[in-house]
Amino acid sequence: MPSNAAEDEPERSGDDQTSRSNSGPDGAKPEDGQAGARSRRKQKKQRSFWKELPILIAIALVLAFLIQQFLARVYMIPSGSMEQTLHGCAGCTPDRILVDKITYDFSDPEPGDVVVFRGPQAWVENDPPVDDSGNAVADFLQTIGSVFGLAPPDERDFVKRIIATGGQKVQCCDDQNRVLVDGRPLDEPYLYWEGKDTQEEFGPVTVPDGHVWVMGDNRNNSADSRYQGGGGERGAVPVENIIGKARLIVLPPSRWGVVSDHNPQAETANALSAPAWQQGLPLGVGVLAAWPTVKVGRRVGAAVVGTVRRGR
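What counts as what
- Residues numbered from 1 in each chain as written.
- Predicted model: local features only at pLDDT ≥ 70, side-chain atom pairs only at ≥ 80, totals over all residues.
- Heavy atoms only, no water.
- UniProt positions renumbered as here; feature names shortened; annotations may be inferred.
- Helix = DSSP H or I, 4+ residues; strand = E, 2+ residues; numbered from the N terminus.
- Buried < 20%, exposed > 50% of the residue type's maximum accessible area, 1.4 Å probe, protein only.
- Contact = heavy atoms within 4.5 Å.
- Areas by Shrake-Rupley, 256 points an atom, 1.4 Å probe, with all protein chains shown as cover.
- Disulfide = S-S within 2.5 Å.
- pLDDT = per-residue confidence, 0-100.
- Pairing = 2+ DSSP bridges.
- Core = buried A, V, L, I, M, F, W, Y, C linked by side-chain atoms within 4.5 Å.
- Salt bridge = Lys/Arg side-chain N within 4 Å of Asp/Glu carboxyl O.
- Phe/Tyr/Trp six-rings, centres within 6.5 Å; stacked < 30°, edge-to-face > 60°.
- Lys NZ or Arg CZ within 6 Å of the ring centre and 35° of its normal.

Under an unreviewed UniProt entry, the name given to the protein is Signal peptidase I, and the organism recorded is Prauserella oleivorans. The UniProt entry for the protein carries the following comment under Catalytic activity (unreviewed entry): "Cleavage of hydrophobic, N-terminal signal or leader sequences from secreted and periplasmic proteins."

The following block contains the structure:
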């Protein structure tokens, strides 16, 4: 019997060793320990995400603010002075436009550009002060909303189209009811007539250097350079007041598109230039003159080659 017990002992000992090797320190199997570790890591990750979320939101807001302050900003159109290029009216869904704030760091404003600008002193000196709610939270939300195009911008920001630049003489109108710049009629396909389809006469006005003359596309419903500041040169806008160039309509989706920057002076300039056949005349004369030159050159070259060969 003892021998049988002795023979059975190793088998039981082996089972115990196998059982211990497959168990953890607390008797749990390694698979259970790994599952527990994964569960703890998952819980830790979840907790980390919720801790990091406020930081991510703060970083996103800061980046959006910096982009809107220095690169591009969304503006809401508050009025109908730029109809139908830009839509805005009380009780409707106004356009939100993306304004490029860096383009004029590398180039000058040009006729046809639709620009957002701060109203110069002559434009706003007689305006009543902007209402202050006195509620710091409401004022903060209004400011944030205007930055992201969710609320109207400061009342002293305007959007108009550049018609003439510094040194040019602008006036209205010729016998076809067109605005004249330096005596040449403008081509303005973007005009929208609300009511009568004739413009009031003004000028001539010479735009001061470093300024632009701006007018609304809704020509008879726009308080622009013709009237602001009492009219005349005081209605011109300093280039330094321009915030940026309107590039895109970003909202609502039904209005998505590029903001037209048709140069109203380009068509008249082309019309006053020489006809196409006259413009091509110098090139034609050059080709005719070059042809005999090429022919003579070939003959001279052939003669030289023949002389060299005979010399050999």
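Draft legend 1. Representation of the overall build of the protein. Looking only at helices and strands, the protein features seven helices and 12 strands. Within the protein, the fraction of its 312 residues that count as buried is 31%. Sequence-distant contacts in the protein: of pairs separated by 6 or more residues, those separated by 24 or more amount to 72%. As presented, the protein carries roughly 19900 Å² of accessible surface, and 57% of it is formed by carbon and sulfur atoms.

Draft legend 2. Region of the structure containing the state of the cysteines. All chains considered together, the criterion is met by two disulfides. The partner cysteine of Cys 89 in its disulfide is Cys 92, sulfur to sulfur 2.3 Å. You can call Cys 89 partly exposed: its relative accessible area is 34%. Here Cys 172 connects covalently by a disulfide to Cys 173, the sulfurs 1.5 Å from one another. Torsion about the S-S bond of the Cys 172 and Cys 173 cystine: about 40°, corresponding to right-handed handedness. Overall, the relative accessible area of 22% leaves Cys 173 in the partly exposed class. Cysteines bonded in the protein are numbered consecutively along the chain; their disulfide partners then correspond to 1-2, 3-4.

Draft legend 3. Highlighting the confidence of the model for the protein. Per-chain confidence: the protein averages 75 in pLDDT, with 61% of residues scoring 70 or above. Low pLDDT (under 50) marks residues 271–298, which in the prediction has three contacts with non-local residues, meaning those over four places away or in another chain. Note on residues 300–312: pLDDT is under 50 here. Beyond four places in sequence and across chains, it has zero contacts.

Draft legend 4. Structural view of the pairing of strand E2 (residues 96–100). Within E2, four of the five residues are buried, which leaves the element mostly enclosed by the surrounding structure. Note that strand E1 (residues 72–76) and E2 share five bridges and pair antiparallel. Residue pairing in the sheet places Ala 72 in a bridge with Asp 100 of E2. Where E2 meets strand E11 (residues 242–251), five bridges bridge the pair, whose relative direction is antiparallel. Within the sheet, the bridge partner assigned to Arg 96 lies in E11 and is Leu 251.

Draft legend 5. Spatial organisation of the nonpolar core. Core analysis: the largest hydrophobic core is formed by 14 residues, its most contacted members being Ile 163, Val 170, Val 179, Phe 202 and Trp 213. At the level of secondary structure, the elements contributing two or more residues to this core comprise strand E4 (157–165), strand E5 (169–172), strand E6 (179–181), strand E8 (202–206) and strand E9 (211–215). Ignoring any residue separated from it by four or fewer positions in sequence, one finds Val 179 in contact with Ile 163, Val 170, Gln 171, Cys 172, Arg 184, Pro 185, Leu 186, Glu 188, Gln 199, Phe 202, Met 215 and Arg 219. Val 116, Val 159, Ile 243 and Ala 246 belong to the second-largest nonpolar core, a separate cluster that totals 13 residues.

Draft legend 6. Here's a closer look at the pattern of salt bridges. Counted under the stated rule, the structure contains nine salt bridges. Across the pair Lys 245 and Asp 113 runs a salt bridge whose closest N-O atoms are separated by 3.5 Å. Pair noted here: Lys 245 is in strand E11 and Asp 113 is in the loop between E2 and strand E3 (114–118), with a separation of 132 residues, a long-range link. Using a relative accessible area of 5% as the deciding quantity, one classes Asp 113 as buried. Asp 174 serves as the salt-bridge partner of Arg 178, at 2.8 Å between the closest nitrogen and oxygen. Accessibility expressed as a relative area gives 28% for Arg 178, which makes it partly exposed. Linked by salt bridges that have partners in common, Asp 113, Lys 245 and Asp 261 make up one network.

Draft legend 7. Structural detail: the packing of aromatic side chains. Counted by the stated rule, this structure contains four aromatic pairs. Centre to centre, the rings of Trp 123 and Phe 158 are 5.1 Å apart; their planes meet at 70°, and the pair counts as edge-to-face. With Trp 123 in helix H3 (residues 121–124) and Phe 158 in strand E4, the pair connects residues that are 35 residues apart, well separated along the chain. By relative accessible area, which is 2% here, Trp 123 ends up buried. Seen in terms of ring centroids, Phe 202 and Trp 213 are 5.7 Å apart; in terms of plane orientation they differ by 15°. Their pairing is stacked. Here Phe 202 is found in strand E8, whereas its partner Trp 213 is found in strand E9, with 11 residues between them in sequence. On the accessibility criterion, Phe 202 (13% relative accessible area) is buried. Aromatic rings pair up to connect Phe 117, Trp 123 and Phe 158 into one cluster. Positioned over the ring face of Tyr 190 is Arg 161, at 3.8 Å from the centre of the ring.

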